[in-house]
Amino acid sequence: MRWDFVGRVDELAALEAAWLAVEAGGAGPVVVVYGEPGIGKTRIVSEFASTTLERGAEVLWGTCYEGGDSYPYAVWAEAIRGYVERLGGDGLDRALGGDVRWLAPLLPDLALIDFEPVSAPAGVAQVRVAEVLARLLDSLERQPVVVIDDMQWAHPDSLEVFGHVARLATGSLVVVSCRGTALELDHPLARRLAEVQRHRSCEYVALGSLPRIEAGQLLEQVAGEPLAASLIDAVYVESGGNPFFLGELALALQRDAGNALAEGRAPVLPESVRGAVGLRLAGLSAQGRQVLQLASVFTAGFGFTELQALTGVEDDSLLDCLDQALAEGLVFSLDAERYDFAHALVRQTLYESLSPSRRARVHRRLAEALERLHQRDLPRVAGELVRQYHASAALAGAVRGARFALIAAQVARAAGAPADAVMVLRLALDLVGAKHAELQAQVLSELARAEADAHLFQDAASTLEAAFSALEREGASAESIAELVYTVGREFTFAVAIESLQSIEPLIAHALEGVGQAHSLAWARLKLLDRYARPAAAGTVRAPRPVRLDQEAVRIVRTEGTEADYAETLNGWDPSFGAEIARLIPELDAWQDPVARLRALIHVLGYLTLLKPGSSPAADRLTVETVALADDVGTPDSRGLARVLRAAQLGGRGEFDAAAEQLRQARAVFEQEDRSSALLTVVDVLNSQHVDADWPRVAMTMWDLAKSPREAEWLGLVIAPLAAHAFARAGEVDTAREILESIVPALESAELLDPPAIGLAGEAVWELRAKDLAQRLLPHASALSEADGHEFHMTSNELTVARLSAVVGSFDQAVDYFARARVTLEYRDQRVLRAIVDYDEAVARLAQKQPGAARLLADASARFEQLGMHEWSGRVKLVEVTDELPDQLTAREAEILRLVAVGKSNKQIATELVISVHTVERHIQNAYRKVDARNRAQASSYVARVRL
């Protein structure tokens with residue numbers, strides 16, 4: 001029963017303003033309409049949606065139900081189903097292309113297109129589903145208005161998708177309604193809205209009681225006639241101005257009016273709203289009341305077939321009952337065969353009128369009816385079956401629901417909705433006990449996997465321990481226990497949840513003991529998992545220890561395991577990894593598992609970009625491919641990381657604007673997840689320092705980051721020397737030296753993972769001209785250079801040796817290594833460092849009063865200008881060049897020696913300089929005497945050595 005809309009002028013105006021902002025092309029706010037039950041949230045949003053629909057909007061409406069989604073992302077499926085069906089297979093394909101497969105979890109029964117669901121980690125699935133939904137909204141010809149009603153009941157997975165859609169679909173108006181006079185701060189919806197508000201404004205529209213005048217208008221509408229002011233006042237006081245309560249009380253008065261007139265009394269006001277609902281039910285037949293009572297055990301609407309199976313009422317009679325309920329406004333039609341209660345309070349009133357014993361039995365009857373109806377399609381209703389068995393747990397046989405929980409968990413995990421799996425498996429744990437120990441062990445095992453998938457790592461660790469004990473009691477094989485530990489632990493490593501992984505180290509060790517010395521696949525997988533060590537302290541920062549893989553485990557996994565297992569055997573920190581890459585890349589091209597391939601490519605790309613930096617067509621291809629693959633099946637972490645690596649590659653060759661754009665995109669990806677990335681900050685600093693550096697700010701930022709164990713646990717030794725270098729450039733020499741003195745012992749230790757940091761520390765030592773520290777680092781830098789060891793973005797081992805050699809006074813060695821670095825960097829197309837080599841050698845020559853600095857500075861300056869390295873161009877201008885010719889050579893003698901060195905004959909030199917041959921011979925003899933040369937070969941060698 002529906003009456004005309006009354007009041008709410010200001011609230012509708014707020015919704016209208018948000019609509020106009022989006023319609024004008026801006027990013028309008030996410031509008032949150034909230035208030036107590038019955039206050040009219042759904043009604044006002046419905047009124048607004050109807051208005052915008054008339055004005056040409058496309059309204060997509062989904063409702064969350066108290067019992068939760070019937071399958072993953074059901075509320076989103078409800079919202080888009082109508083539009084998708086109108087769009088058709090061809091239109092859907094045009095709008096989304098191959099990405100349409102990400103809608104498979106939402107619309108598994110839709111036959112418009114040949115869906116090919118993607119098997120991807122949970123975090124990936126949620127993000128990709130949200131992105132595809134946002135693209136679908138963008139494809140609408142009409143302005144989209146997305147309404148999610150009763151959001152307080154949203155399932156965690158649907159809520160996660162909401163967070164992403166709200167941030168991404170800025171061209172759509174998003175309206176949610178939720179119950180409550182104020183959102184509790186720890187409510188999942190409140191936390192999600194807080195995250196959304198960091199990217200897009202949220203506007204909260206609070207619905208309060210109707211004013212007395214508007215309440216009177218509503219009452220008279222329902223009554224169909226004018227009412228006495230005293231009666232309106234009495235109803236208003238009783239209802240508190242709540243529109244739903246007002247309507248129910250008015251209907252009750254209306255029903256009693258005839259009796260009151262006949263009996264000569266005033267109509268009786270019900271004692272409560274539930275009493276008013278009860279009076280409305282009195283208008284139904286006895287069978288109608290009984291049918292609705294039974295229907296109240298459904299929590300997300302009900303279908304005609306399911307209701308008939310539950311009630312046992314024949315078609316015609318059941319149709320009569322539904323017609324009565326529709327006429328009384330107690331239920332409304334969802335579609336041709338599905339219905340729901342007009343308000344949750346109606347269902348609650350009916351449900352609470354059942355005794356606990358009757359409730360349990362009705363739930364059990366519904367569970368058994370659903371089993372019979374859907375025996376050929378149990379996965380689709382498995383989640384509902386779990387809830388119905390759980391609601392009838394007091395009755396014998398409820399343990400059957402646990403088996404359906406296992407099915408529902410499989411469905412949820414396949415759809416990338418691990419929170420659904422966690423929910424049903426936790427219900428299942430309530431249903432099993434000591435009498436069903438084997439089933440309990442199975443449920444615990446699946447729950448540990450699901451919690452790890454959902455990144456509930458502390459819960460997963462506890463559940464895994466319980467599952468481990470239960471499996472051992474049941475005599476499960478050591479191999480199966482090892483497989484469970486590996487599956488859960490691997491999720492910890494994927495999410496870089498190292499602390500949580502360390503919490504299950506005893507279980508890893510115990511599982512390894514269980515499989516014994518038999519070098520099986522299970523043993524090999526655990527050995528690879530058991531490789532993460534706690535970082536060591538290096539002064540005030542933390543330094544990672546080397547990752548060492550058991551080579552026998554590597555061999556077994558690569559021979560017997562999956563592609564995902566193979567990816568786990570890759571180790572970019574291993575000096576021998578470079579030798580694998582040429583063989584590995586063609587193999588990766590043939591891999592079928594896209595997620596495994598992405599993980600392997602990130603290992604390869606990380607090595608090529610960060611630890612063996614350089615540029616080549618092959619590296620470019622891999623980088624572009626990795627970014628595209630990460631966008632398709634990657635977690636937000638891998639999507640951001642792929643772009644950071646691309647930025648490092650571009651920055652190394654001086655394409656700073658393109659690198660900055662990649663970093664901007666990466667930062668946006670991380671910020672969407674409210675995450676930060678230490679590596680992104682490092683690459684950003686290493687790139688931008690060449691263009692325009694605010695050294696005091698960089699110094700403090702990097703030093704704070706280096707000391708942060710959570711942000712920089714594995715990069716502390718890389719970030720700390722960056723901070724030292726920045727402090728040195730900012731003039732805070734003592735602070736820079738203090739930092740270096742604290743980390744050099746770690747860099748000298750073979751137990752720590754030092755190569756990437758040597759080059760950065762060497763740069764800071766070069767900046768300080770700290771001879772004592774240079775003497776300590778030089779042997780390690782030399783060893784790395786001779787072994788062709790790891791480097792890092794914007795570093796070169798040969799350049800580091802050259803710098804440190806110059807600082808300790810080994811000028812000839814410095815010149816030799818500057819020359820080596822020049823050749824290597826040219827070959828690798830590392831244009832930024834190639835320019836810096838010339839500048840640094842010029843500075844070293846000036847310090848030693850050696851010739852050749854002027855030409856080097858000129859070459860460096862030209863390269864700096866070409867690459868836009870403004871920071872370095874500024875440094876060149878500050879260098880005072882007093883580049884006197886060596887060995888008292890005159891300008892003419894030097895000029896002639898240069899021409900001798902390039903192979904010119906005396907006659908050719910005379911012609912070029914327009915002087916006589918005799919004059920050339922005289923200058924050559926004078927020059928030979930000054931430089932101690934006896935022939936043209938020795939003269940040419942001299943010219944090269946002093947860079948004349």
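So, here is what we can say about the structure in this document.

Rules behind the numbers
Counting from 1, residues in each chain are numbered in the order their sequence is written. Whole-chain, interface and lining totals are the exception, using all residues; otherwise, since this is a predicted model, local features are given only for residues with pLDDT of at least 70 and side-chain atom pairs are given and counted only at 80 or more. Side-chain numbers here rest on the full set of heavy atoms in the structure, without hydrogens or water. Labels follow the DSSP assignment, with helices taken as runs of H or I lasting at least four residues and strands as runs of E lasting at least two, numbered in each case from the N terminus. Accessible area is worked out with a 1.4 Å probe on protein chains only. A residue is then buried under 20% of its type maximum, exposed over 50%, and partly exposed in between. Two residues form a contact once any of their heavy atoms are found within 4.5 Å. Per-residue accessibility takes into account occlusion by the displayed protein chains alone, with areas from the Shrake-Rupley method and a 1.4 Å probe. Buried Ala, Val, Leu, Ile, Met, Phe, Trp, Tyr and Cys residues that are joined via side-chain atoms within 4.5 Å together make up what is termed a nonpolar core. Note on pairing: DSSP must find at least two bridges between two strands before they are called paired. A fitted line through C-alpha atoms represents every axis, and for helices the fit uses only the stretch in contact; the resulting angles, taken between N-to-C directions, go from 0 to 180 degrees. For classification, angles of less than 35 degrees are called roughly parallel, those exceeding 145 degrees roughly antiparallel, those between 65 and 115 degrees roughly perpendicular, and all remaining angles oblique. The crossing is said to be left-handed when, going from far helix to near helix, the turn is anticlockwise and less than a right angle, and right-handed when the turn is clockwise. The definition of a polar contact used here is a pair of N or O atoms within 3.5 Å, where within protein one atom must be able to donate a hydrogen and the other to accept one, and adjacent residues in sequence count solely through side-chain atom pairs. Pairing of aromatic rings covers Phe, Tyr and the six-membered ring of Trp, with a centre-to-centre limit of 6.5 Å; geometry is then stacked below 30 degrees between planes, edge-to-face above 60, and tilted otherwise. Whether a charge sits over a ring depends on NZ of Lys or CZ of Arg being within 6 Å of the ring centre and within 35 degrees of the ring normal.

**Structural notes on the overall build of the chain**
Point 1. Check the secondary structure of the chain and you find 47 helices and ten strands.
Point 2. Burial statistics for the chain: of 948 residues in total, 55% are counted as buried.
Point 3. Partitioning the contacts of the chain with sequence separation of at least 6, the portion at a separation of at least 24 is 69%.
Point 4. On the chain, roughly 39700 Å² of surface is accessible, and the fraction owed to carbon and sulfur atoms is 50%.

**A look at the nonpolar core**
Point 1. By size, the foremost hydrophobic cluster in this structure holds 168 residues, and its most contacted members are Trp76, Leu106, Met151 and Phe162.
Point 2. No other element matches helix α28 (residues 594-611), which puts eleven residues into this core.
Point 3. Look past the residues within four positions of Leu106 in its chain and what remains in contact with it is Tyr71, Tyr73, Trp76, Ala77, Ile80, Val129 and Leu133.
Point 4. Membership of the second largest hydrophobic core comes to 57 residues, among which are Leu310, Ala325, Leu406 and Ala412.

**Quick notes on the sheet that holds strand β2 (residues 58-63)**
Point 1. The five strands lie next to each other as β2-β3-β4-β1-β5, forming an open sheet whose pairing is parallel. Looking at strand neighbours, the two that pair on one side only are β2 and β5 (202-206), the edges of this open sheet. Strand-to-strand, the axes of this sheet are offset by a mean angle of 15°, without reference to chain direction.
Point 2. Across five bridges, the pairing between strand β1 (residues 30-35) and β5 is parallel. Within β5, the position partnered with Val30 by the bridge is Cys202.
Point 3. The strands that helix α2 (residues 41-54) touches are β1, β2, β3 (144-149) and β4 (173-179); relative to β2, the one it contacts most, it runs at about 160°.

**Focus on the packing of helix α42 (residues 853-867) against helix α43 (residues 870-878)**
Point 1. Relative orientation of the contacting elements α42 and α43 amounts to 150°, with a least axis distance of 8 Å. Considering the angle they form, α42 stands roughly antiparallel to α43. Like other packed secondary-structure pairs, α42 and α43 cross with a definite hand, here left-handed. Touching Leu857, Ser861, Phe864 and Glu865 of α42 are Trp872, Ser873 and Val876, all from α43.

**Describing unusual backbone geometry**
Point 1. Here Asp150, not a glycine, exhibits a phi torsion of approximately 55°, which is positive.
Point 2. Looking at the element boundaries, Asp150 is found in the loop between β3 and α5 (156-168).
Point 3. Classification of Asp150 as buried rests on a relative accessible area of 15%.

**So, the side chain of Ser445**
Point 1. With respect to the helices and strands, Ser445 occurs in helix α19 (residues 437-453).
Point 2. Residue classification places Ser445 among the buried positions, given a relative accessible area of 6%.
Point 3. A distance of 2.8 Å separates a polar atom in the side chain of Ser445 from the backbone oxygen of Ala441.
Point 4. Not counting chain neighbours up to four residues away, the residues in contact with Ser445 comprise Ala467, Leu471 and Leu484.

**Here's the deal with the sheet that holds strand β8 (residues 338-341)**
Sheet strands pair by backbone hydrogen bonding; their relative direction is either parallel or antiparallel.
Point 1. Overall, antiparallel pairing links the three strands, which are arranged β6-β8-β7 in an open sheet. Because the sheet does not close on itself, it has two edges, and the strands there are β6 (302-303) and β7 (331-333).
Point 2. Sheet analysis places β7 next to β8, joined by three bridges and oriented antiparallel. Bridge assignment links Val331 to a residue of β8, and that residue is Phe341.

**Details of the packing of helix α38 (residues 771-786) against helix α39 (residues 797-808)**
Point 1. Contact geometry of α38 with α39 gives a least axis separation of 9 Å together with a crossing angle of 150°. As far as their axial angle goes, α39 and α38 are roughly antiparallel. For the pair α38 and α39, the sense of crossing is left-handed. From α38, Lys771, Ala774, Gln775, Leu777, Leu778, Ala781, Ser782, Leu784 and Ser785 reach across to α39, where they touch Asn797, Glu798, Thr800, Val801, Leu804, Ser805, Val807 and Val808.

**Comments concerning the environment of Asp674**
Point 1. Note on placement: Asp674 falls in the loop between α31 (656-672) and α32 (678-688).
Point 2. With a relative accessible area of 32%, Asp674 lands in the partly exposed category.
Point 3. As for Asp674 and Arg198, which are separated by 476 residues in sequence, their C-alpha atoms are 8.9 Å apart.
Point 4. Excluding anything up to four places from it in sequence, Asp674 contacts Glu195, Arg198 and His199.

**Considering the packing of aromatic side chains**
Note on aromatic pairs: each is described by the distance of the centres and the angle between the planes.
Point 1. Summed over the entire model, instances satisfying the criterion amount to nine aromatic pairs.
Point 2. Judged by centre distance (5.7 Å) and plane angle (35°), the rings of Phe864 and Trp872 are tilted.
Point 3. The class of Phe864 is buried, set by a relative accessible area of 0%.
Point 4. Aromatic ring contacts, followed pair by pair, group Phe298, Phe302, Tyr339 and Phe341 into a single cluster.
Point 5. Against the face of Trp766 rests Arg769, its NZ or CZ located 3.8 Å from the ring centre.
Point 6. One residue, Arg875, lies across the ring of Trp872, its end atom 3.9 Å from the ring centre.

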